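# Coordinate inspection notes
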Amino acid sequence: LGSVVFGGGESVLPMLTSEMVPDWLPKDQFAEGLALTLAAPGSIFNISAFIGAVYKGNILGSLLAIVSIYLPSYLLLLAMIPIWAALRQVLAFKALLKGVNAVAIGFMGAVCIFLWEEAIRRASDALVLIVSLGMVTFYMIPAPAVIAVAIILGYALNEEALDIAQKPYNGTGF
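Right, let's walk through the structure included here.

About the thresholds
- Residues numbered from 1 in each chain as written.
- Predicted model: local features only at pLDDT ≥ 70, side-chain atom pairs only at ≥ 80, totals over all residues.
- Heavy atoms only, no water.
- Helix = DSSP H or I, 4+ residues; strand = E, 2+ residues; numbered from the N terminus.
- Areas by Shrake-Rupley, 256 points an atom, 1.4 Å probe, with all protein chains shown as cover.
- Buried < 20%, exposed > 50% of the residue type's maximum accessible area, 1.4 Å probe, protein only.
- Contact = heavy atoms within 4.5 Å.
- Phe/Tyr/Trp six-rings, centres within 6.5 Å; stacked < 30°, edge-to-face > 60°.
- Polar contact = N/O pair within 3.5 Å; in protein donor to acceptor, adjacent residues only side chain to side chain.
- Salt bridge = Lys/Arg side-chain N within 4 Å of Asp/Glu carboxyl O.
- Core = buried A, V, L, I, M, F, W, Y, C linked by side-chain atoms within 4.5 Å.

What follows concerns the overall build of the protein chain. Of the regular secondary structure elements, the protein chain holds eight helices and zero strands. Each helix and strand of the protein chain, ordered N terminal to C terminal, gives the series α-α-α-α-α-α-α-α. Only carbon and sulfur atoms are counted for the fraction: they give 71% of the accessible area of the protein chain, which is about 11,900 Å².

Rendered as structure tokens:
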């Protein structure tokens, strides 16, 4: 998959999901791995390390998966360097890149649907999404501040968090 990606790592998620879920891991575990990958610095392709570790059950599976997703693109890059400048001048190649770009945008839409299905389960989840989107779109608030507000709002709206002080400490009611 690494050598055929155009449009960023997110554009490969629909293909990765269809190839890996449910044969290699369940959809909820894939979503957990995706969340971990997005929370960590680096490329979204690092999810391959998570999938490899889950599938093989060890670090070797993780290493094999990460090398397998990055190596083909590096080899393709090395092969393309000598002819890239010439290709950029060919009209048919420019048209091809425009078409590939349109497909990448379609893949991004599919990723949004996939993430929506996994992330938005309650009205409170949708409210966090709407507030976060409004902060970014209308007020242009920096991402770290939006993430902090989303965490606080998500915690505050979580029904389990609202009940935390209402549960007995030792099971006797005291």
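From this point on, the discussion continues.
The residue after Val 21, namely Pro 22, is reached through a cis peptide bond having omega 0°. Along the chain, Pro 22 turns up in the loop between α1 (13–20) and α2 (27–39). Despite not being glycine, Met 140 shows a phi value in the positive range, around 50°.

Restricting attention to buried positions, one finds in helix α3 (residues 47–56) the residues Ile 47, Ser 48, Ala 49, Ile 51 and Gly 52. Elements in contact with the buried residues of α3: α1, α2 and α4 (59–87). Once α3 finishes, Gly 57 follows within two positions and takes phi at roughly 80°, a positive value.

Turning our eyes to something else, we now look at the packing of aromatic side chains. Enumeration over the complete set of coordinates arrives at four aromatic pairs. Centroid distance Trp 24 to Tyr 55: 4.0 Å. Interplanar angle 15°. Geometry classified as stacked. Here Tyr 55 lies in helix α3 and Trp 24 lies in the loop between α1 and α2, a separation of 31 residues in the sequence. By relative accessible area, Tyr 55 is classed as partly exposed at 41%. An angle of 85° between the planes, with centres 6.1 Å apart, marks the rings of Phe 45 and Tyr 70 as edge-to-face. Of the two residues, Phe 45 sits in the loop between α2 and α3 while Tyr 70 sits in helix α4, which places them 25 residues apart along the sequence.

Attention now moves to the environment of Val 149. By the secondary structure assignment, Val 149 is in helix α7 (residues 143–157). Residues Val 149 and Val 128, spaced 21 residues apart in sequence, show a C-alpha to C-alpha distance of 8.7 Å.

For Ser 48, the location among the structural elements is in helix α3. For Ser 48, the side chain forms a polar contact with the main-chain oxygen of Phe 45, separated by 2.9 Å. If we ignore the near neighbours within four places in the chain, the residues touching Ser 48 are Ala 65, Ile 66 and Ile 69.

Here the focus is the pattern of salt bridges. Per the stated rule, a full pass over the model turns up one salt bridge. In this structure, the salt-bridge partner of Asp 125 is Arg 122, at a minimum N-O distance of 3.5 Å. Residue Asp 125 is classed as buried on the basis of its relative accessible area of 17%.

This brings us to the nonpolar core. Of all hydrophobic cores here, the largest spans 12 residues; its members are Leu 13, Leu 16, Met 20, Val 21, Leu 25, Phe 30, Leu 34, Ile 44, Ile 47, Ile 51, Val 111 and Phe 114. The biggest single contributor to this core is α1, with three residues. If we ignore the near neighbours within four places in the chain, the residues touching Val 21 are Leu 16, Pro 26, Lys 27 and Phe 30.

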